[in-house]
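# Chain and residue survey
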Amino acid sequence: MSLPPIDRIRENAENGQADSQFLLSQICLQNKDFDGMLRWLKEASAGGLADARAALGHCHEKGTGVARDFAKAHELYDQAIAGGSMPAAYSKAELLYNSENGPNQEGEIRQLLRSAAQAGIPPAERAVSYLATQSGQRGLELPDSVALYPTPRDHVRTDYSANPAIAVCDDVLTAEDCAYLVSLSRPYLTHSDVINPDSRQDGMTSDVRTSSGTYIPFELVDIIGRFIELKIVLAVGEKLQNSEPMSILRYGPGEYYKPHYDYFDPKLPVTAGLLEDGGQRTASAVTYLAVPGTGGGTSVPELAVTIPPKPGSTLWFRNCDSDGAIDPRSLHAGDTVTQGEKWVVTKWFRERPTQYLQS
């Protein structure tokens, strides 16, 4: 079905047709005309179009064209749901799920997901199917027996060092979990940076690190992504609220990360700014999403230890000692990949809660 000419869409929008106003808002979004997008979304919302209110709520949630405002997003989602918008039901479920208070709102989340999945909203169907699979069930139903959040479970653990603590937990993520994070992050990969020690910037290109990577910020984490992330957090006994966003790295043949520290060196000018959100990086958790044919281990030179990569396993180590002081023995390296690709997701943990969970 072809769309009417843009001039006709604009004319109908100017004449107060809410459907045309909504369509014009999406055209403006594609053209990165955020002022135009907001104007037409607001007019379509005022005209009672529920999906326009849902889209406007999404703008406030993600900070698209407006300052991020979760309270306003919730208000608009509620209005849209009352008007029959099932995309709004999923959007609100996801926002609640990803919030720090999400586990205390499981009843509302479950009902919103049920409604959206039953209405055929694709991300809701995917989320429900994934959650059902995690509880050993199949299909698009979401009974109370399906857990919305992962629970701690026992993993085979290999301790490589007690002081400093270095351990590997096996089978933290499934093959499907690993593939999901790779597909979620792949479109955003750029050349990896390192901290610039001579300035107040926190990133620069260097031959110390030749991988490509990206962060997955709050606004890109969906229900499946958060469930996977929590599996890692629970496996290593850390706290999600004290963490940074997931960092995805891809190493191709010949790529590496030379010996480095994950903690912030207090002697560098850039450190003061980095420590403002949550304090020092006390621990790291590196989970292998895909392993190369050869190479790509993680070496700890001070201890003469090399940990081989294993898909779905999580390498956890402390960057600080028991008193919170930085530990130079945490020096580590991503060894050169000699065949194939290595993908990892890293979770860094701080002393205190960070701004990662912004809702």
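Residue numbers restart at each chain and count upward from 1, following the sequence in its written direction. Residues qualify for local features only when their pLDDT is at least 70, as the model is predicted, and side-chain atom pairs are given and counted only at 80 or more; totals for whole chains, interfaces and linings, by contrast, use all residues. Remark: hydrogens and water are excluded; side-chain values derive from all non-hydrogen atoms of the structure.

### Some words on the sheet that holds strand E9 (residues 298-300)
Quick note on the threshold: Should DSSP find at least two bridges between two strands, the strands are regarded as paired. Secondary structure elements are taken from DSSP: a helix is a run of H or I of four residues or more, a strand is a run of E of two residues or more, and numbering for both begins at the N terminus. Whenever a helix is involved, its axis is fitted only over the stretch in contact; in every case the axis is a line through C-alpha atoms, and angles between N-to-C directions fall within 0 to 180 degrees.
Across the sheet, which stays open at both edges, the four strands sit in the order E6-E12-E9-E10 with antiparallel pairing between neighbours. The sheet is open, and its two edges are formed by strand E6 (257-260) and strand E10 (305-307), each paired on a single side. Between one strand and the next, the sheet's axes are offset by a mean angle of 15°, whatever the strand orientation. Pairing of E9 with strand E12 (residues 332-334), which is carried by two bridges, proceeds in the antiparallel orientation. Directly across from threonine 298, in E12, lies its bridge partner glycine 334.

### Some remarks on the packing of aromatic side chains
The following threshold applies: Only rings of Phe, Tyr and Trp enter the pairing, Trp through its six-membered ring, and a pair is recorded when the two centres are within 6.5 Å. The plane angle decides the type: under 30 degrees is stacked, over 60 is edge-to-face, the rest tilted. We call a residue buried when its accessible area falls under 20% of the maximum for its residue type, exposed when it is over 50%, and partly exposed in between, using a 1.4 Å probe and counting protein chains only. The criterion for a charge sitting over a ring is simple: Lys NZ or Arg CZ within 6 Å of the ring centre, and within 35 degrees of the ring normal.
Applying the stated criterion across every chain, the model contains five aromatic pairs. A centroid spacing of 5.5 Å and a plane angle of 85° characterise the contact between tyrosine 130 and phenylalanine 227, whose relative ring orientation is edge-to-face. Of this pair, tyrosine 130 sits in helix H8 (residues 122-134) while phenylalanine 227 is found in helix H10 (residues 223-236), placing the two residues 97 residues apart along the sequence. Considered together, tyrosine 130 and phenylalanine 227 belong to a single accessibility category, that of buried residues. In this structure, arginine 39 packs its charged tip against the face of tryptophan 40, placed 3.9 Å from the ring centre.

### Side note on H8
Here is the rule we go by: The span you would expect from a helix comes to 1.5 Å times its residue count less one. Whether two residues are in contact is decided by their heavy atoms, any of which lying within 4.5 Å being enough.
Counted at 1.5 Å a residue, the expected span for H8 with its 13 residues is 18 Å, and the 19 Å between its end C-alpha atoms agrees. Taken residue by residue, H8 has Ala124, Ala127, Val128, Tyr130, Leu131 and Ala132 as its buried positions. Residues of H8 that are buried make contact with helix H6 (86-98), helix H7 (106-118), helix H9 (175-185) and H10. Directly after H8, the chain includes glycine 136, whose backbone phi takes a positive value near 80°.

### Let's talk about the pattern of salt bridges
We count it as follows: A pairing counts as a salt bridge when a side-chain nitrogen of Lys or Arg comes within 4 Å of a carboxyl oxygen of Asp or Glu.
Tallying each qualifying case throughout the model produces 21 salt bridges. With a closest N to O distance of 3.2 Å, glutamate 61 and lysine 62 form a salt bridge. Here glutamate 61 and lysine 62 have matching classes, each one buried. Of the charged contacts, one joins glutamate 341 and arginine 250 as a salt bridge, the two residues approaching to 2.7 Å between their closest N and O atoms. With glutamate 341 in the loop between strand E13 (337-339) and strand E14 (342-350) and arginine 250 in strand E5 (residues 246-251), this pair connects stretches of sequence that are 91 residues apart. On the accessibility criterion, glutamate 341 (30% relative accessible area) is partly exposed.

### Digging into the pairing of E5
On a regular strand, one side chain projects to one face of the sheet and the next to the other, so that they alternate. Of all six residues making up E5, six are buried, and the element is well covered by its neighbours. Residues Met246, Ile248 and Arg250 line one face of E5 and the alternating positions Ser247, Leu249 and Tyr251 line the opposite face, and both faces are buried. Note: strand E4 (residues 212-216) against E5, five bridges, orientation antiparallel. Within the sheet, the bridge partner assigned to threonine 214 lies in E5 and is isoleucine 248.

### Observations concerning H6
The cut-off we apply is this: The definition of a polar contact used here is a pair of N or O atoms within 3.5 Å, where within protein one atom must be able to donate a hydrogen and the other to accept one, and adjacent residues in sequence count solely through side-chain atom pairs.
Taking 1.5 Å as the rise per residue, H6 with 13 residues should run 18 Å; its terminal C-alpha atoms sit 19 Å apart, in good agreement. Most of H6 is tucked away, with 11 of its 13 residues classed as buried. Listed in full, the buried residues belonging to H6 are Ala88, Ala89, Tyr90, Ser91, Lys92, Ala93, Glu94, Leu95, Leu96, Tyr97 and Asn98. As for H6, its buried residues are in contact with helix H4 (50-62), helix H5 (70-82), H7, H8 and H10. In this structure serine 85 caps H6, since a side-chain oxygen of it lies 3.3 Å from the backbone nitrogen of alanine 88.

### Focus: the pairing of strand E11 (residues 314-318)
Of all five residues in E11, four are buried, a share of seventy percent or more. Pairing between strand E2 (residues 165-169) and E11: four bridges, direction antiparallel. Among the inter-strand pairings, isoleucine 166 is bridged to a residue of E11, identified as phenylalanine 317.

### Some thoughts on the environment of leucine 76
In this fold, leucine 76 is placed in helix H5. Along the backbone, leucine 76 and isoleucine 166 are 90 residues apart, and their C-alpha atoms lie at a distance of 47 Å. Residue contacts for leucine 76: discarding those within four places in its chain leaves Arg53, Leu56, Gly57 and His60.

### Examining the side chain of serine 85
On the secondary structure map, serine 85 appears in the loop between H5 and H6. Given the relative accessible area of 2%, serine 85 is considered buried. Engagement of the side chain of serine 85 in a polar contact is seen with the backbone nitrogen of alanine 88, the distance being 3.3 Å. Every residue in contact with serine 85, bar those within four places of it in the chain, is listed here: Ala50, Asp51, Ala54 and Ala80.

### Quick word on unusual backbone geometry
Of note, the bond from asparagine 163 into proline 164 is cis; its omega dihedral lies within 30 degrees of zero at 5°. Locating proline 164 in the fold gives a position in the loop between strand E1 (157-162) and E2. Positive phi outside glycine occurs at aspartate 171, with the angle close to 55°. The topology assignment puts aspartate 171 in the loop between E2 and H9. What makes aspartate 171 partly exposed here is its relative accessible area of 48%. A positive phi is found at alanine 304, a non-glycine position, where the angle reads about 55°. For alanine 304, the position within the fold is in the loop between E9 and E10.

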